[in-house]
Amino acid sequence: MKSKYWLVLFIVCGIVEIFAEATSNRALVLASKPLLMPILAGFAFFKAREMGVAVPGALFGALLFSLFGDVILLFPSGNESYFLMGLVAFLIGHLFYIALNLRGKPKFRFDVEAIIFMLPILIFSGTMLSKIAGQSPTMIVPVSLYSTILCVLFYTGLMAQNAMAKKDGLVLMGGITLFIISDSLIGLNRFIAPFAGAGVAIMATYIIAQYLLVLGNMMRREPKI
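All values derive from a computational prediction rather than experimental measurement.

*Asks:* Pulling in residues and values, what's your account of the environment of Ser32?
*Replies:* Here Ser32 shows up in helix α2 (residues 26–32). Residue classification places Ser32 among the buried positions, given a relative accessible area of 4%. Each C-alpha atom of the pair Ser32 and Leu7 lies 15 Å from the other, and the pair is 25 residues apart in sequence. When near neighbours in sequence (up to four residues on either side) are disregarded, Ser32 contacts Cys13, Val16 and Glu17. Of the polar contacts made by the side chain of Ser32, one reaches the backbone oxygen of Leu28; its length is 2.8 Å.

Listed below in structure tokens is the structure:
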């Protein structure tokens, strides 16, 4: 089966999920959201075959734990235990993405460009954490850990980008940036200032982020053994 068909399925499923969030259709969310990551994994598998490259196992690991997070967060949003379990699942998924960024042992970056890109992330993370500390003190430790992992993901993404073609690196960093935006919207909506359309904004950025992350990692070619 050609990868383009899997991509079409992913796009359709993503549109259905966003529509379900926009219309608060719980049944449609339950039907569409758990399908996103398996379909994206199918796209990655068949795209790799077409490109003649191997799919890194860590990529499937990232998608698997993202799937776990998606499913766990379908449970009642007011239950802190489910939120924490979802947080852990996505944290592990990010660790897989970090491992992917570190493939080939890219060089550490301490240049001005890296500092300029990292500074807004660090400032925003600190601001969010200070707000969460005031609103939900019990969540400050797990959210701090998660925020740290996001910063590491972004920094290692900059390292990986440095070893990639410019266009490919931009795809990878676009995915990482959108994932951080999606997670930030979750934190903003849950802990600081709930806003209309949060579900749509969170899922739209998340769906595009995951696709770009998969595509960006596929561009870092690993020949089949």
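Don't stop here, the text continues.
*Asks:* Outline the nonpolar core, supporting the account with residue identities and numerical values.
*Replies:* In terms of nonpolar packing, the biggest core is built from 60 residues, with Met37, Leu59, Tyr97, Phe154, Ile176, Val214 and Met218 touching the most fellow members. Counting only elements with at least two residues in this core, the list comes to α1 (3–22), α3 (36–51), α4 (57–72), α5 (80–101), α6 (112–135), α7 (140–162), α8 (166–192) and α9 (198–219). A per-element tally of this core places α7 first, with 11 residues. Ignoring sequence-local partners within four residues, the contact set of Met37 consists of Phe10, Leu63, Ser66, Leu67, Asp70, Tyr206 and Gln210.

*Asks:* Would you mind going over the environment of Gly187 in detail, with residue names and values included?
*Replies:* Mapping Gly187 onto the fold places it in helix α8. A relative accessible area of 9% means that Gly187 is categorised as buried. Along the backbone, Gly187 and Arg109 are 78 residues apart, and their C-alpha atoms lie at a distance of 29 Å. Beyond its immediate sequence surroundings of up to four residues, Gly187 is in contact with Met128 and Ile192.

Rules used throughout
- Residues numbered from 1 in each chain as written.
- Predicted model: local features only at pLDDT ≥ 70, side-chain atom pairs only at ≥ 80, totals over all residues.
- Heavy atoms only, no water.
- Helix = DSSP H or I, 4+ residues; strand = E, 2+ residues; numbered from the N terminus.
- Buried < 20%, exposed > 50% of the residue type's maximum accessible area, 1.4 Å probe, protein only.
- Contact = heavy atoms within 4.5 Å.
- Polar contact = N/O pair within 3.5 Å; in protein donor to acceptor, adjacent residues only side chain to side chain.
- Core = buried A, V, L, I, M, F, W, Y, C linked by side-chain atoms within 4.5 Å.

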